[in-house]
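Single-letter residue listing:
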Amino acid sequence: MPRTTDDFIALLEPHYNSAAQYCRAIFINRKDAEDGLQDAVTTAIEHFSSLRDDSKFRSWFFTIITRTFYSFRRKQAGNNKLFMPLQEGHHSFPEVYNDDYLGEREKIMLNALDTLSKKEKTAILLFEIGGLSLEDIRKVQKEISISAVKSRLSRTRLKLRNTIIEMEKINQEQGGNYDIKTCIPGK
Amino acid sequence: MILRLAYQENDPENNPYWNDMRNHDYSKSFPAVSNFIHQNSTKTRSPKRRNRITWVVAVVLPLLIFFSCKQKTYTQPQGATLGFTAKDSVQSTVELAIQQFAEKTWKVVMRSHGGIIHGTIYAPSKSSGKLKLFVEKLKTIPGVTELYLSVVSTTVKESRLSHLSYNIFNRHIDATGASDDQLRSEIETKLQETGLHNLKVQLVEEKGRKQVKFEPTGKTLDFSIDLTLRDGSNITAIAEKW
């Protein structure tokens, strides 16, 4: 029986909040995150018929977001048009991150994430925000063994820790007025 | 020294930061997103359409390749030969008619034997219309006793792709009966049409064969030309742009 848009929405709903958090953290910039989420949702609808097992929806959708991010980075490096424009007559995507006021720790974490490589960033975010298993992350990152994912996570955690300590120090020195570039509205 | 990091299931040191990120609530935007999905679900490329594209690639494309590579045999008309016999008395009338209709490309042979003229005329396919008019004219001459018109054609066997590319890329020059100067200027014109500028054409006669030489007079495109001319025969010069 062919599956409908309502089936897709019903499957998306429980995972939507984490998907939006993942997009926000992975793309850093709120506008890019919105475009990325829109692109991932559009791709997911198009490929919905290829999802055989509904219980795999979460890892399937997070994989789509991750691929969208990789493609975004590739296109950004090639200075191409970043996201596919909506066809004429498409309704515009809602402003998911419009009133997105981040807490101090969120700002620091986003800035620390920005210092990571794309593989490190996706691995740690898929684990911490996406809640994906090590096996799922291995598949997304096309690694041969789980131990490669484990060591990447450990390395990334240490890197993040060191960056965060550094940032906290600067923050304290500047009396809490640390201007975090990722949090400038409209960026 | 290589420091091995032990993997831990959780990240206690960074956890407060992760928790803040995990607690950020974006769920209030879900109704708007689901509305967007509803409104745009019909406008995105449907799997059916993708299936159609897959079908085109998987079935139609190989068929197209097979069809274009398949050899095709066809008959290409080259011209027509007209044979006629007439009484000696109408020779001047027939000659006048020939002068009136004949083109440069026609080959006319006439001989007289026992009061009867035997004539053979070959006309290439380009002037077949004129040859038909000439036949009608001969029919009106009372002394003309016999007329035979036969079409000369060749059988060509080649792939459809080759036929198509030949039609697209080749430039033909009919050099029959042309003087060296005419031939040179015609070749130069065709080369320029093809985009090959800055080429000087020279016609050199060597051991009964006429050779065409090209001398670049400046920067020009890469090209390949197959051009061998024999005196006295129908000549086709081919210039190909690559």
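Residues numbered from 1 in each chain as written. Chains lettered and ligands numbered in written order. Predicted model: local features only at pLDDT ≥ 70, side-chain atom pairs only at ≥ 80, totals over all residues.

The subject of this paragraph is the overall build of chain B. What chain B contains, in helices and strands, is 7 helices and 10 strands. Within chain B, contacts between residues at least 6 apart in sequence are counted, and of these 60% link residues at least 24 apart. (Helix = DSSP H or I, 4+ residues; strand = E, 2+ residues; numbered from the N terminus. Contact = placed C-beta atoms within 7 Å.)

This part is about helix α5 (residues 118-128) of chain A. Among the 11 residues that make up α5(A), 8 are buried, leaving the element largely enclosed by the rest of the structure. Within the span of α5(A), buried status applies to Lys121(A), Thr122(A), Ala123(A), Ile124(A), Leu125(A), Leu126(A), Phe127(A) and Glu128(A). Of the surrounding elements, those touching the buried residues of α5(A) are α1 (5-27), α3 (57-77), α4 (104-113), α6 (134-140) and α7 (146-173) of chain A together with α1 (15-23) of chain B. (Buried ≥ 20, exposed ≤ 12 C-beta atoms within 10 Å, placed from the backbone.)

A few words now on the nonpolar core. Counting residues in hydrophobic clusters, the biggest one holds 49 residues, and the most contacted among them are Ala19(A), Tyr22(A), Cys23(A), Ala25(A), Ile65(A) and Leu126(A). Broken down by element, the residue count for this core peaks at 11 residues, all from α1(A). With residues up to four places along the chain from it excluded, the contact list for Ile65(A) reads Ala19(A), Tyr22(A), Cys23(A), Gly36(A) and Ala40(A). Ala80(B), Phe84(B), Phe101(B) and Val144(B) belong to the second largest nonpolar core, which has 13 residues in total. (Core = buried A, V, L, I, M, F, W, Y, C linked by C-beta atoms within 7 Å.)

Let us now look at the environment of Phe27(A). Residue and element names in this part refer to chain A. With respect to the helices, strands and loops of the structure, Phe27 is situated in helix α1. For the pair Phe27 and Leu113, spaced 86 residues apart in sequence, the C-alpha to C-alpha distance is 9.8 Å. Sequence-distant contacts of Phe27, defined by excluding residues within four places in its chain, comprise Asp32, Ala33, Gly36 and Phe69.

Opposite the 31 residues of chain B that make contact, chain A presents 38 residues. Where the side of chain B that touches chain A is concerned, the elements lending two or more residues are α1 and α2 (30-40) of chain B. The greatest single-element share of the side of chain B that touches chain A, amounting to 9 residues, is contributed by α2(B). Classifying every residue of the side of chain B that touches chain A by side-chain character gives 14 nonpolar, 10 polar and 7 charged. (Nonpolar A, V, L, I, M, F, W, Y, C, P; charged D, E, K, R; others polar.)

Attention shifts here to the confidence of the model for chain A. In this model, chain A carries an average pLDDT of 83, and 83% of its residues clear a pLDDT of 70 or more. Between residues 181-187 of chain A, whose pLDDT stays under 50, and residues either more than four places distant or in other chains, the model counts 9 contacts. (pLDDT = per-residue confidence, 0-100.)

All names here are of chain B. Spatial strand order, β2-β3-β1-β4: 4 strands in an open sheet with antiparallel pairing. Two strands lie at the open edges of the sheet, namely β2 (107-113) and β4 (144-159), each paired on one side alone. In this sheet, adjacent strand axes meet at a mean angle of 15 degrees when their direction is disregarded. Direction of pairing for strand β1 (residues 71-87) relative to β4: antiparallel, over a ladder of 15 bridges. Across the sheet, residue Pro77 finds its bridge partner in β4, namely Ser153. (Pairing = 2+ DSSP bridges. Axes fitted to C-alpha atoms, helices over the stretch in contact; angles between N-to-C directions.)

Here we take up the environment of Lys118(A). All names here are of chain A. Within the fold, Lys118 resides in helix α5. Lys118 gets classed as partly exposed once you count the C-beta atoms within 10 Å, which come to 14. Residues Lys118 and Arg73, 45 residues apart in the sequence, show an inter-C-alpha distance of 8.5 Å.

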